[in-house]
Amino acid sequence: MKKILFTALIAIIILTAKAQETVNCAPPTSDKILIIQSKISAILGNGGEILYNKSPQALPSYYLLTDNNFLGATIYNSSLWLGGIDESSGDLKLAAMTYRQAGNDFWSGPIGNSSQTTDSLQCSNYDRHWYMEQATIDKFKNVEELSASEDSLLREWPGKGNPNLNFSHLNQVMAPFVDVDGDEIYNPENGDYPKIKGNKAVWWIVNDIGNEHTESGGAAFGFEIQKMFYGFEDDPELNYTSFFDVNITNKSNNNYQDFIFGHRVDMDLGNYLDDFVGCDTLSAMGYTYNGDAFDESPEGFGENAPLQACQFINVPNEYYDNQNDLYGFTYYKNDFNNTGNPVTAEHFLNYLNGKWKNGDLMTSGGNATDQSLKSTRYLYPGNPSDSEAWSECSNLNEPSDRTFIISSGKYKFAVGETKTWTLAMHTIPNVGGTCPNIQPLIDKAQYAKTFFENFVLVDINDHFLIESTFVYPNPTNNKLYFNSNNSIKSIEVFGVDGKRILQKNINSDYLNVDGLSKGLYYANLFSNDGKAYKAKFIKN
């Protein structure tokens, strides 16, 4: 069980001027467990959290599994930190969460397009998560019989204007869906179906104007935030990897500048008192590893501690004052010193900006506090296995409880604009030892980014169908058959690195893949009637 410091210092939070009127919403209570590949159990929070276990026993929210049995936990919780400046007034705006000890900065539900506000009933109505599986979508599209639970999930998906929900659902853009009949309203009775990423996904929606910001003391932006957490089941290279999207829409009347998006992660590898952290700037990734050879305590991994990372997979590309997808990597300790827990809105913003909480620059070398050294926003970027590189290992730091922030920025954020960030959680199990080589973690991050950019990021229109059962047998040893009512005239096959391996015209109902090496492949198939299909297959 983790001990979270709670002192009278938290009560010193200074409330700044409000970005706009807030209402009296209650803190969100919904959570959802998502099992991915039978290797990850993620407990998803509502409000500003991504990962959050609301158990009063102060338990972790991200567990490693083997055959659905628990191996141990790697993340206590994680949450959004958002900071920026009002262009017209110069006022600081900030929304951030830690452990809900001091209060709350985010609430469930959307912000009305015309009203630019919410209310307590609306917050309550959307205090939930929506779950969906691609297998259920495929069954629906193939007109196969659905179970009662599958039918309910499809009918209750909160797409725009869904008439099947049992509460007053705003008629505005919400959960993504494929609009088969083109009426811009989600209704499965008209053939519409959810549009998710991965094989399993959870979607939810929050805002930062439901009440006063009592966690950070910052002023509200007027942001509506849609989140989707998901995983891929059929790519072994993505075992122990999960993804999530954060879509933020500025529904205020204010333009913002110097906006920074942050993801704060309290990683606890088993025993939370003996961790080190570091970053890899090229991978836009922060990570945690065990600071000693044995991970003690009943919750510990013993001699087999893992590596755990969080990576920016995709960020808005119009950032400034920066040459990297990763604006900064900072961390703080679980105390109230200058390198410890933030208390005021300015403290949160300083950490987002790659500074210590009192505004001192972080510096390159040692413990990053010597103001005579060169400043940096990236703490401990060296591989721990390299004794000459700057890491917590080479600096001979004392392991302890660490929380880090990876940030993306800076941005201008205009009225009505939507920006999207995609992040991934990566685990390398059973690493153990001291000062581990993180190259396997870097390789995993690079693979995930290539996979996402080539096979997930590209928006699929209604005529470019994703069919997991379109080709068979899958896996295959030699012949790959096409299960289509329309004859296929040509095919393109790509490796997981996005490179096209072959392009071929087809005069039969199969492709001979005997010459391909073992592994996962992606295919674009084009039919004689002008449609295109996307499929995945494994070559044994």
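All residue numbers refer to positions counted from 1 along the written sequence of the respective chain. Residues qualify for local features only when their pLDDT is at least 70, as the model is predicted, and side-chain atom pairs are given and counted only at 80 or more; totals for whole chains, interfaces and linings, by contrast, use all residues. Hydrogens are left out, water is left out, and the side-chain values use all remaining heavy atoms of the structure.

Let's talk about the overall build of the protein
- A tally of helices and strands in the protein yields five helices and 28 strands.
- Atoms considered for the radius of gyration are the C-alpha atoms alone. The globule rule reads 2.2 Å times the number of residues to the power 0.38. At 24 Å, the protein has a C-alpha radius of gyration in line with the 24 Å of a compact globule built from 540 residues.
- If you line up the protein on its principal axes, its C-alpha atoms span 70 × 55 × 45 Å.
- For the charge count, each Lys or Arg is scored as positive and each Asp or Glu as negative, with His and the chain ends excluded. To locate a charge, take NZ of a lysine, CZ of an arginine, CG of an aspartate or CD of a glutamate. Side chains of the protein carry 40 positive and 66 negative charges; the gap between the two charge centres is 4 Å. A run of H or I in DSSP counts as a helix once it spans at least four residues, and a run of E counts as a strand once it spans at least two, with each numbered from the N terminus.

Description of the nonpolar core
- Counting residues in hydrophobic clusters, the biggest one holds 71 residues, and the most contacted among them are Phe229, Phe261 and Trp421.
- If you tally residues by element for this core, the top one is strand 14 (residues 256-267), at six residues.
- Here, the term nonpolar core denotes a set of buried Ala, Val, Leu, Ile, Met, Phe, Trp, Tyr and Cys residues that are joined through side-chain atoms within 4.5 Å. To sort residues, take the accessible area from a 1.4 Å probe on protein chains only and compare it with the maximum for the residue type: under 20% means buried, over 50% means exposed, and anything in between is partly exposed. Membership of the second largest hydrophobic core comes to 35 residues, among which are Trp130, Phe177, Tyr230 and Phe451.

Some points on the sheet that holds strand 23 (residues 479-482)
- The strand order across the open sheet formed by three strands is 22-23-26, and the pairing between neighbours is antiparallel. Pairing within the sheet leaves two strands with one partner each, and these edge strands are strand 22 (471-472) and strand 26 (510-512).
- With two bridges connecting them, strand 22 and strand 23 associate as antiparallel partners. From the neighbouring strand, Tyr472 faces strand 23, where its bridge partner is Tyr481. By the convention used here, strands pair only if DSSP detects at least 2 bridges between them.

Structural notes on the side chain of Ser216
- Within the secondary structure layout, Ser216 lies in the loop between strand 11 (200-207) and strand 12 (223-231).
- We define a polar contact as two N or O atoms separated by no more than 3.5 Å, with the added condition that, inside protein, one atom must be a possible hydrogen donor and the other a possible acceptor, whereas residues neighbouring each other in sequence contribute only through side-chain atom pairs. At a separation of 2.5 Å, a polar atom in the side chain of Ser216 contacts the side chain of Asp105.

As for the state of the cysteines
- The rule for a disulfide is simple: a pair of cysteine sulfur atoms within 2.5 Å. Going through the model one piece at a time under the given rule, you end up with two disulfides.
- With a sulfur-sulfur separation of 2.1 Å, Cys25 is cross-linked through a disulfide to Cys123. Sign of the S-S torsion, about 65 degrees for the bond between Cys25 and Cys123, identifies this disulfide as right-handed. A residue pair is termed long-range when its members are at least 10 positions apart, and Cys25 in the segment before strand 1 (32-36) and Cys123 in helix 1 (residues 120-125) qualify at 98 residues. Note on accessibility: Cys25 and Cys123 belong to one class, buried.
- Note on cysteine connectivity: Cys393 is disulfide-linked to Cys435, with sulfurs 2.2 Å apart. Residues Cys393 and Cys435 are joined through a disulfide that is left-handed, its torsion about the S-S bond being -105 degrees. Remark: Cys435 occurs in the loop between strand 20 (418-428) and helix 5 (439-455) and Cys393 occurs in the loop between helix 4 (345-352) and strand 19 (402-413); sequence separation between them is 42 residues.
- Taking relative accessible area as the criterion, Cys435 reaches 28% and is therefore assigned partly exposed.
- Ordering the disulfide-forming cysteines of the protein by sequence position, one finds them joined as 1-2, 3-4.
- Take Cys279: it sits in no disulfide, and the sulfur closest to it among the cysteines is that of Cys310, at 13 Å.
- For Cys279, a relative accessible area of 0% gives the class buried.

Focus: the packing of aromatic side chains
- Centres within 6.5 Å are what make two rings of Phe, Tyr or Trp a pair, Trp counting through its six-membered ring; a difference in plane orientation under 30 degrees is then read as stacked, over 60 as edge-to-face, and the rest as tilted. Applying the stated criterion to the full structure yields 37 aromatic pairs.
- When the centroid spacing of 4.5 Å and the interplanar angle of 10 degrees are considered together, the rings of Phe261 and Trp421 count as stacked. With Phe261 in strand 14 and Trp421 in strand 20, this residue pair connects regions lying 160 residues apart in the sequence. You'll find Phe261 and Trp421 in the same group, each marked buried.
- Taken together through their ring pairs, the aromatic side chains of Phe221, Phe223, Tyr256, Phe259, Phe261, Phe312, Tyr319, Tyr411, Phe413 and Trp421 make up a single cluster.
- Above the face of the Tyr131 ring, Lys32 is positioned so that its terminal group lies 5.0 Å from the ring centre.
- Two conditions define a charge located above a ring, namely a distance within 6 Å from the ring centre to NZ of Lys or CZ of Arg, and an angle within 35 degrees of the ring normal. Taking NZ or CZ as reference, Lys479 lies 4.6 Å from the ring centre of Tyr510, over its face.

As for the pairing of strand 13 (residues 241-250)
- Counting buried positions over the 10 residues of strand 13 gives nine, a clear majority of the element.
- Note: strand 13 against strand 20, nine bridges, orientation antiparallel. Opposite Thr249, over in strand 20, you have Thr418 as the bridge partner.

Digging into unusual backbone geometry
- A cis amide bond links Tyr472 to the next residue, Pro473, at an omega of -10 degrees.
- Within the element layout of this structure, Pro473 appears in the loop between strand 22 and strand 23.
- With an omega dihedral of 10 degrees, the bond running from Asn474 to Pro475 counts as a cis peptide bond.
- Residue placement: Pro475 occurs in the loop between strand 22 and strand 23.
- Its identity is not glycine, yet Asn430 carries a phi of approximately 55 degrees, on the positive side.

Points about helix 2 (residues 134-141)
- For helix 2, the full list of buried residues reads Gln134, Thr136, Ile137 and Asp138.
- Note on helix 2: the residue one or two positions beyond its end, Val143, has a positive phi of about 55 degrees.

Remarks on the environment of Thr330
- For Thr330, the position within the fold is in strand 18 (residues 328-333).
- Any two residues whose heavy atoms approach within 4.5 Å at even a single point are treated as in contact. Leave out the neighbours within four places in its chain, and Thr330 touches Tyr351, Gly354, Lys355, Met362, Arg377, Leu379, Thr403, Phe404 and Ile405.
- A polar contact of 3.2 Å, which involves the side chain of Thr330, links it to the backbone oxygen of Tyr351.

A word on the environment of Val173
- Mapping Val173 onto the fold places it in the loop between helix 3 (148-155) and strand 9 (177-178).
- Residues Val173 and Tyr230 lie 57 residues apart in sequence; the distance between their C-alpha atoms is 20 Å.
- Leaving out residues up to four positions away in the same chain, Val173 has contacts with Lys160, Glu224 and Gln226.

Quick look at the environment of Leu59
- Looking at the element boundaries, Leu59 is found in the loop between strand 3 (49-51) and strand 4 (62-66).
- Separated by 190 residues in the primary sequence, Leu59 and Thr249 place their C-alpha atoms 32 Å from one another.

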